[in-house]
Amino acid sequence: MKSFARFFAALAILLFASFAVHAQAHDGHLPESDGVIKKIDAAKGKVSIAHGEITNLKMPPMTMSFTAKDPAMLKGFKEGDKVRFRAAEVKGNLTVVSIEAAK
Ligand SMILES: [Cu+2]
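Below is a summary of the structure that appears in this document. If you're wondering where the values come from, they're calculated on a predicted model, not measured in any experiment.

This part covers the overall build of the protein. Broken down by element type, the protein carries one helix and five strands. Helices and strands appear in the protein in the N-to-C order α-β-β-β-β-β. The buried share of the protein, reckoned over its 103 residues, is 16%. Summarising the internal contacts of the protein: among those between residues at least 6 apart in sequence, 48% fall at separations of at least 24.

What follows is the structure in structure tokens.
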């Protein structure tokens, strides 16, 4: 009986781990949103963006502050830059997971 319980516990852990990996791999499938950088604080990894609709967050256009997934990704951007970016909620923070200059 005990070994059964251990087997199911191991199975649950494996399932959970594979879901976590799967969720991470999905960053690239988030829809891109348009925006203009209003304020940038690369040291704190914060960026304020006047953004268009963000469908995956069910968010209408607005100006708001995001946390950068990695502060280094803000290097090379400045206020007034037009960008395309992907945003998601990460640990309760609205986070920019990818950002690139809009052409
Ligand atoms: Cu918003």
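A separate point is the nonpolar core. Residues I37, I40, V47, I49, I54, F66, A68, L74, F85, A87, V96 and I99 constitute the largest nonpolar core, which totals 12 residues. Looking at this core, the elements that each hand over two or more residues are β1 (33-41), β2 (46-51), β3 (62-68), β4 (82-90) and β5 (93-101).

The strand order around the closed barrel built from five strands is β1-β2-β3-β5-β4, with neighbouring strands paired in mixed fashion. Within this sheet the neighbouring strands show an average axis-to-axis angle of 55 degrees, counted without direction. Two strands pair when backbone bridges link them, and β3 and β5 are joined in this way by two bridges, in the parallel orientation. Along β5, the bridge assignment pairs T67 with T95.

The next point concerns the pairing of β3. Looking along a regular strand, one sees side chains alternate from face to face of the sheet. Sheet analysis places β2 next to β3, joined by six bridges and oriented antiparallel. Looking at β3, one finds that I49 is bridged to M64.

The phi torsion at K58 lies on the positive side, around 50 degrees, for a residue other than glycine. Residue placement: K58 occurs in the loop between β2 and β3. One non-glycine residue, K91, lies in positive phi territory at about 50 degrees. Mapping K91 onto the fold places it in the loop between β4 and β5. With 6 C-beta atoms counted inside 10 Å, the residue K91 sits in the exposed group.

This part is about the pairing of β2. Here β2 shows a buried face lined by V47, I49 and H51 and an unburied face lined by K46, S48 and A50. By the bridge criterion, six bridges tie β1 to β2 in an arrangement that is antiparallel. Across the sheet, residue G35 finds its bridge partner in β2, namely H51.

Before going further, it helps to examine the environment of L30. Of note, L30 is situated in the loop between α1 (2-25) and β1. Judged by C-beta crowding, with 17 C-beta atoms within 10 Å, L30 ranks as partly exposed. C-alpha of L30 to C-alpha of T55: the two residues are 25 residues apart in sequence and 9.1 Å apart in space. Every residue in contact with L30, bar those within four places of it in the chain, is listed here: N56, R86, A88 and V97.

Analysis parameters
- Residues numbered from 1 in each chain as written.
- Predicted model: local features only at pLDDT ≥ 70, side-chain atom pairs only at ≥ 80, totals over all residues.
- Helix = DSSP H or I, 4+ residues; strand = E, 2+ residues; numbered from the N terminus.
- Buried ≥ 20, exposed ≤ 12 C-beta atoms within 10 Å, placed from the backbone.
- Contact = placed C-beta atoms within 7 Å.
- Core = buried A, V, L, I, M, F, W, Y, C linked by C-beta atoms within 7 Å.
- Pairing = 2+ DSSP bridges.
- Axes fitted to C-alpha atoms, helices over the stretch in contact; angles between N-to-C directions.

As far as function goes, none of this settles anything; it's purely spatial.
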